[in-house]
Amino acid sequence: MFCWLNRLNRGLATPTGRIPQLIWGTFSRSLVLSSQRRIPEFSSFVARTNTCGELRSSHLGQEVTLCGWIQYRRQNIFLVLRDFHGLVQVVIPQDESAASVKKILCEAPVESVVKVSGTVISRPPGQENPKMPTGEIEIKVKTAELLNSCKKLPFEIKDFVKKTEALRLQYRYLDLRSFQMQRNLRLRSQMVMKMREYLCNLHGFVDVETPTLFKRTPGGAKEFVIPSREPGKFYSLPQSPQQFKQLLMVGGIDRYFQVARCYRDEGSRPDRQPEFTQIDIEMSFVDQTGIQRLIEGLLQYSWPDDKGPLGVPFPSMTFAEALASYGTDKPDTRFGMKIVDISDVFRNTKVGFLRDALSKPQGAVKAIRVPGGAKYLKRKDIEPIRKFAADHFNQCSLLGKLRLECADLLEARGVVLRDPAVFSFLWVVDFPLFLPKEENPGELESAHHPFTAPHPSDIHLLYTEPEKARSQHYDLVLNGSEIGGGSIRIHEARLQHHVLEAVLKEDVKLLSHLLQALDYGAPPHGGIALGKQPVLL
C-alpha cells in the first residue's frame, strides 16, 4: 500500500545535499500554490453539468443537467429541486409531446431523486423570488429521469419543521439532508482544511497519525476496554494522543498536529461525548505564551468570513479571578453581573446566619447585582431562585450557577444578554496543579493530567505542600464553554516520577515507557487540544 512512499523516501535519501533541498523547495512551493483559493468544481466526474444552487441569470440560455431531490411541487406546474448546494425552480412541461416527462415529475413523491435536463430561462416578470439565490431563473425541462422513488418520510426535510432529537438521531441520514446540517458539516470541513494550511504550510507542523489501540494508563477519564484474541488481555482506546505526542517530541518531530479521534467512557453528558474529535497540537521549545499566540493565529486564519473578523490577542484571566468574579472556571464574558464580595458591609451584622458564615475560615458574603432585576423579575421568579440556591448551597460554584439562572430569567423577559452573534474568547490560566479527590479528600489527583508541569515559582511546593502548587495549564473558553485545553509538560523524568509516585500514588510501572523516554534527552515541550465540545456544529 505504501510502496510508492517508500520509493519516494529512497529517492529523497540521496547522498548529495543540494538535490533534496531543491526537491523540498519545489514541493513546498507547490503546497503554497495548491492552497490558494480556487472555485471548487462541484460537477466534475459526475452526471450533472451544474448544481441546483449555482445557476444565475448569467447562465441564461445554457443547456444544463441537474440531479437532486424534489423539495416540493406546486399545482403540477412547478417543482423545486434541491441538492447540497441549494434550490432551483423547474418548470414542468404541459404540452402533449412531453407527456412522459410530465408524468415522471408529477407522479414522483416528494424527496424522490431525479435527473432533469433543460434550458435556463428567466422567470416571468413579477415572479422573481428575491429570497432564493436562484430566484431570477428557472429550468425549462426537456427530459427527466426518476433515479429513485421515495416512500413517506418520518418527517419533512425542512429546517423550520420541529423534530424531536430522538427522531433526528434515529433517522440521522435524513436529518443530514437539511440545509443546517449540510452547512455545519461543510463549515467544519472548510475550517479543518484552513487549519491544516496554517499549521503545515505556514508553520511547518507535521500531521502524524497515532495508534488507536493502546494499554491502560493512569490519570484522566475512564477508558474504553477492548478485548483481544488472547484470553485475559485487553486494549484500551486512548482518551487522547497525550503520551504519543510527547514521545514524538522526544523523537525530534518538533511540531506535531493531528485531527485526532478520542474516546472517554464518561457516559453521555450535555458537554461531553464518548467519542469526539479534537485538533491535537504539540511543540518543542515553547512556553505558554507561544502556544496561546499560535492558537489565536490559527483561529483567526480559519475563522469563517461571515462571522466577522476575530480580534486578537484574547483576554486572559487566572483561575482564581474567574472563580471570584464568575463562580466558574469557564465564564461567559458576554455579559456582566459579576460576583461581588460584600463581607465588609456585614462585619458587624446581627443577622445570625451571616455572622456564622463570616466567623468561619475564608467565610464571606457575596452577591450578584442584576441590572434591571426589579423591573424584569417578578415575585414568582424569586422563589425558584431561592430554591435553586438551597439545593446547591454546599457547592462552591453556587453563585456562578445563580448568575446563569438569573440570565436565563432576564432573557425570557426579552433582555438580550448573551448575543449569539458575539464570540467572547478568554484564556483561563494558573489552575491548581492538584485537587482533592472527591471520594477521598485526603488524597490528591491531577487537575488536568499527571504530565502537566508545575508553575516555575511553585516547583518547591511539590515536595512540601503540593496541594498549593499552581500548574502551567491553560484553557480556552468561548461564551461559557471550554473549547480547548493544554499545558506545558513535565520533560524531566525525575520530576515526573516524583509526581506520579509520591504525590498521586500511582503505579509508575504503568508509565515506565514514558519515564524512560524522558530520560533520553526530552526537549521542553507543551501543547493543546481544540474541540472538546461541538461548539460550531
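Residues numbered from 1 in each chain as written. Predicted model: local features only at pLDDT ≥ 70, side-chain atom pairs only at ≥ 80, totals over all residues. Heavy atoms only, no water.

The name recorded for the protein in an unreviewed UniProt entry is Aspartyl-tRNA synthetase 2, mitochondrial, from Rhinolophus ferrumequinum. Per its UniProt entry, the protein bears the Sequence similarities (unreviewed entry) comment "Belongs to the class-II aminoacyl-tRNA synthetase family. Type 1 subfamily." (UniProt positions renumbered as here; feature names shortened; annotations may be inferred.)

A few words on the overall build of the protein. Each helix and strand counted, the protein has 15 helices and 19 strands in total. A total of 537 residues make up the protein; the buried ones form 41% of that total. Here the protein has roughly 30800 Å² of accessible surface; of this, 56% comes from carbon and sulfur atoms. Taken together, the 71 basic and 60 acidic charged side chains of the protein have centroids lying 4 Å from each other. (Helix = DSSP H or I, 4+ residues; strand = E, 2+ residues; numbered from the N terminus. Buried < 20%, exposed > 50% of the residue type's maximum accessible area, 1.4 Å probe, protein only. Areas by Shrake-Rupley, 256 points an atom, 1.4 Å probe, with all protein chains shown as cover. Lys, Arg positive; Asp, Glu negative; His and termini not counted. Charge placed at Lys NZ, Arg CZ, Asp CG, Glu CD.)

With that out of the way, let us pick up a nonpolar patch on the surface. A cluster of nonpolar residues, Leu213, Ile226 and Tyr235, forms a patch on the protein surface that exposes about 250 Å² of accessible area. For Tyr235, the position within the fold is in strand β8 (residues 234-236). Here Tyr235 falls in the partly exposed class, since its relative accessible area comes to 38%. (Patch = residues over 30% accessible without salt bridge, like charges linked within 9 Å, V, L, I, M, F, W, Y side chains within 5 Å. Salt bridge = Lys/Arg side-chain N within 4 Å of Asp/Glu carboxyl O.)

Right, let's get into the pairing of strand β3 (residues 86-91). In terms of burial, β3 is largely enclosed, as 5 of its 6 residues are buried. Sheet analysis places strand β2 (residues 78-83) next to β3, joined by 6 bridges and oriented antiparallel. Directly across from Asp83, in β3, lies its bridge partner Gly86. Here β2 folds back onto β3, and the loop between the two strands holds 2 residues. In this structure, β3 lies alongside strand β5 (residues 137-148), joined through 2 bridges in parallel fashion. Paired with Val91 across the two strands is Lys140, which belongs to β5. (Pairing = 2+ DSSP bridges.)

A separate point is the pattern of salt bridges. If you walk through the whole model with that rule in mind, you get 32 salt bridges. In this structure, Arg334 and Asp332 form a salt bridge, with 2.7 Å as the shortest nitrogen-oxygen distance. For Arg334, a relative accessible area of 22% translates into the label partly exposed. Residue Glu443 pairs with Lys437 through a salt bridge whose shortest N-O separation is 3.2 Å. Connected via shared salt-bridge partners are Glu165, Arg168, Arg172 and Asp175.

Spatial ordering of the open sheet is given by β6-β9-β10-β19-β18-β17-β14-β11, a layout of 8 strands whose pairing is mixed. The open sheet terminates on both sides in strands that have one partner only, identified here as β6 (206-207) and β11 (316-318). Where β11 lies against strand β14 (residues 425-429), 3 bridges are found, and the strand directions are parallel. Bridge pairing in β14 places Ser316 opposite Trp427. Its contacts with the sheet place helix α9 (residues 319-326) against β11 and β14, and it is angled at close to 85° to β11. (Contact = heavy atoms within 4.5 Å. Axes fitted to C-alpha atoms, helices over the stretch in contact; angles between N-to-C directions.)

Glancing now at the sheet that holds strand β4 (residues 113-122). Pairing is mixed in the closed barrel, where 5 strands are placed in the order β1-β2-β3-β5-β4. The sheet shows a mean angle of 55° between the axes of neighbouring strands, direction not considered. Bridge count for β4 against β5 is 10 bridges, and the pairing is antiparallel. Paired with Lys115 across the bridge in β5 is Glu145. Helix α3 (residues 99-107) contacts β1 (63-74), β2, β4 and β5 of the sheet and is inclined by roughly 75° relative to β5.

Along the chain, Gln258 turns up in strand β9 (residues 255-263). Judged by its relative accessible area of 8%, Gln258 is buried. One polar contact links Gln258 to Thr210, side chain to side chain, over a distance of 3.0 Å. Not counting residues within four places of it along the chain, the set of residues in contact with Gln258 comprises Asp207, Val208, Glu209, Thr210, Pro241, Gln278, Ile279 and Asp280. (Polar contact = N/O pair within 3.5 Å; in protein donor to acceptor, adjacent residues only side chain to side chain.)

It is worth spelling out the pairing of β14 at this point. For β14, the buried fraction is high: 5 of the 5 residues fall into the buried class. The pairing of β14 with strand β17 (residues 473-478) spans 4 bridges and is classified as antiparallel. Bridge pairing in β17 links Val428 to Asp475.

A word on α3. Along α3, the residues classified as buried are Val101, Leu105 and Cys106. Axial view of α3: buried residues confined to an arc of 115°, hence all on one face. Set apart from the buried face of α3 by more than 90 degrees, the exposed residues are Ser100 and Glu107. Against the buried residues of α3 lie β1, β2, β4 and β5. (Arc of directions from axis to C-beta.)

It is worth spelling out the environment of His491 at this point. Counting through the fold element by element, His491 comes out in the loop between β18 (481-488) and α14 (493-503). For His491, a relative accessible area of 26% corresponds to the partly exposed category. Through-space distance from the C-alpha of His491 to that of Phe451 is 8.5 Å; in sequence the pair is 40 residues apart. Non-local contacts of His491, meaning those with residues more than four positions away in its chain, are made with Leu518, Ala522, Pro523, Pro524 and His525.

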